[in-house]
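# Coordinate analysis (summary)
Residues per chain are reported as follows:
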Amino acid sequence: MAPWIRGALLSLAPPELLGVTSGRSHLLVPVSQDLSIDLLEAGLSEQERFVDAALDAPVDLPVAAAASDPYGVVLWPAAQVVAAVLVALLLKDSSRRHVLELGSGTGLCALSAAGLQPTVPPGGTVAVLATDYREEPLELLRQAVPLNEQRLGQPLEIATRCLDFTCEPLPHTDVLVAADLLYLRSTSEALAAGCLSALQHGAHVLVGDTQRPGRPFFLRALAHALGKAVHFETVEGWSLALPRKTEPRPGRCRSFEGFLAVPPTVPVQAVHAVASAGEIPWGEPKRAKTSLALLADEFTRAFQRTQWGVNGRVEPKFFDDNFVFRDPDVTTNGIQAYSKGTGAVLSNCQADAIDVQLFEPDRFAIRWRIAGTANVPFPGLRIKPYIVTSTFTVNSQGLVDSETDSFSIPTWDLLLSAVAPWLPGLAPPEPPVQSPYA
């Protein structure tokens, strides 16, 4: 770890809960010896509302559930670490004049950069852009600006913008920062592509993570483009205990964060290849009609190869565009909706095809084992391995037009096993299998 990063974190003091104002938790978060930032979190009732909205969202619209999560309206530990290093970088390198924060949440990094203005070396101010994929966190950030102006005795200039970096290009920047965003595989790979693009244009990249499920996918994408393995440094940070109480208290706990800093001098190769790795060729020609046996074999090998049953990365040539998916909990219409929904829910799982059975003239079934973690109702929910039987129907053009799934274990058993695996009477997990289609 670079000495200037180690120095930035050496004497980092813990956040403090100052109290509750207008239903908002008011925190004071040190980011250097000379700078502490006022931060606002959503109150507990509002957090509970977001959780309820996520749990009550239609099960065939998992993206809606993700959009209702409470994670962007509270402070997470990696943010303080990233903010502290960002402050040190801006003080060290006066050429860095544009800061872009992705997934800003409550906006600690953006507020820290803006609050640093009087102490940055001569040469102009730092332009700060805070982004998030929904409006509620950005509103909390904007409400925190006057609190910091009062504390610092100076105006703060921060631009805010709703931005979904998984599908929108990133604005130009000198410094790209992101903290605690590696929940989903799709988000993690998109963040890696954004980091690589920023590096290619000379930006400095700062990323903080606390062992979220998407970290391996993020690091793998970076390593592929950089031509060498990359890793997070383990550093010490602070976290206030959750949930926040309604009175000020000193209660806090030490936590350990992963931190990755990539200077712009790192050579970047195949940035565009990585950025497009997750793209699906929706316009590719459809597969010509063949016998049911040949279709089932090719389909199952593609299913195993691409893992689309858990990551949604289908091969459109096999499917009718109006494909319908059904399982005990979900119905989805359209192959693109199925792709998007599956990738949002199960992207951290593994699918292993066991066997295929034909039902002439127009049906076949794949039995497969699923294991890993789901992303709803909250990221990292461990799934007990079980067997899925997927029955597919084929239309007159030889394309798969529907899938109906059944599970070897009831849904209630899977949910109880995830949250209370010690309970008696639960089904055992399915043992590992070696897929003959791998």
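Summarised in this report is the structure supplied together with it.

Reading the values: the criteria
- Residues numbered from 1 in each chain as written.
- Predicted model: local features only at pLDDT ≥ 70, side-chain atom pairs only at ≥ 80, totals over all residues.
- Heavy atoms only, no water.
- Phe/Tyr/Trp six-rings, centres within 6.5 Å; stacked < 30°, edge-to-face > 60°.
- Helix = DSSP H or I, 4+ residues; strand = E, 2+ residues; numbered from the N terminus.
- Buried < 20%, exposed > 50% of the residue type's maximum accessible area, 1.4 Å probe, protein only.
- Pairing = 2+ DSSP bridges.
- Salt bridge = Lys/Arg side-chain N within 4 Å of Asp/Glu carboxyl O.
- Polar contact = N/O pair within 3.5 Å; in protein donor to acceptor, adjacent residues only side chain to side chain.
- Contact = heavy atoms within 4.5 Å.

Now for the packing of aromatic side chains. The final tally for this structure, using the stated rule, is 15 aromatic pairs. Relative to Phe318, the ring of Trp308 has its centre 6.1 Å away and its plane inclined at 50 degrees; by these criteria the two rings are tilted. In this pair, Trp308 sits in helix 11 (residues 308–311) while Phe318 sits in the loop between helix 11 and strand 11 (319–326), placing the two residues 10 residues apart along the sequence. Judged by its relative accessible area of 0%, Trp308 falls in the buried class. Note on Phe318: relative accessible area 2%, which makes it buried.

So, about the pairing of strand 13 (residues 348–359). On a regular strand, one side chain projects to one face of the sheet and the next to the other, so that they alternate. Note: strand 13 against strand 14 (residues 363–374), 11 bridges, orientation antiparallel. Residue pairing across strands places Val356 opposite Ile366, the latter belonging to strand 14.

This brings us to unusual backbone geometry. Here Glu360 and Pro361 are connected by a cis peptide whose omega angle stands at 5 degrees. Within the secondary structure, Pro361 sits in the loop between strand 13 and strand 14. Even without being glycine, Asp180 reaches a positive phi, approximately 55 degrees. Along the chain, Asp180 turns up in the loop between strand 7 (175–179) and helix 7 (185–200). By relative accessible area, which is 6% here, Asp180 ends up buried. Its identity as a non-glycine residue notwithstanding, Gln307 has a phi of 65 degrees, on the positive side. Relative to the helices and strands, Gln307 is located in the loop between helix 10 (292–306) and helix 11.

This part takes up the pattern of salt bridges. Applying the stated rule across the entire model yields 16 salt bridges. The salt bridge partner of Glu298 is Arg287, with a shortest N-O separation of 2.8 Å. Of this pair, Glu298 sits in helix 10 while Arg287 sits in the loop between helix 9 (271–275) and helix 10; the two residues are 11 residues apart in sequence, bridging distant segments of the chain. Put simply, Glu315 and Lys317 hold a salt bridge, and the shortest N to O gap is 3.7 Å. Connected via shared salt-bridge partners are Glu135, Glu139 and Arg142.

With that settled, consider the side chain of Thr173. By the element assignment, Thr173 lies in the loop between strand 6 (159–162) and strand 7. For Thr173, a relative accessible area of 5% puts it in the buried group. One polar contact links the side chain of Thr173 to the main-chain carbonyl oxygen of His98, over a distance of 2.9 Å. Separated by 3.2 Å, the side chain of Thr173 and the backbone nitrogen of Leu100 make a polar contact. Discounting chain neighbours no more than four positions away, the residues touching Thr173 are His98, Val99, Leu100 and Ala203.

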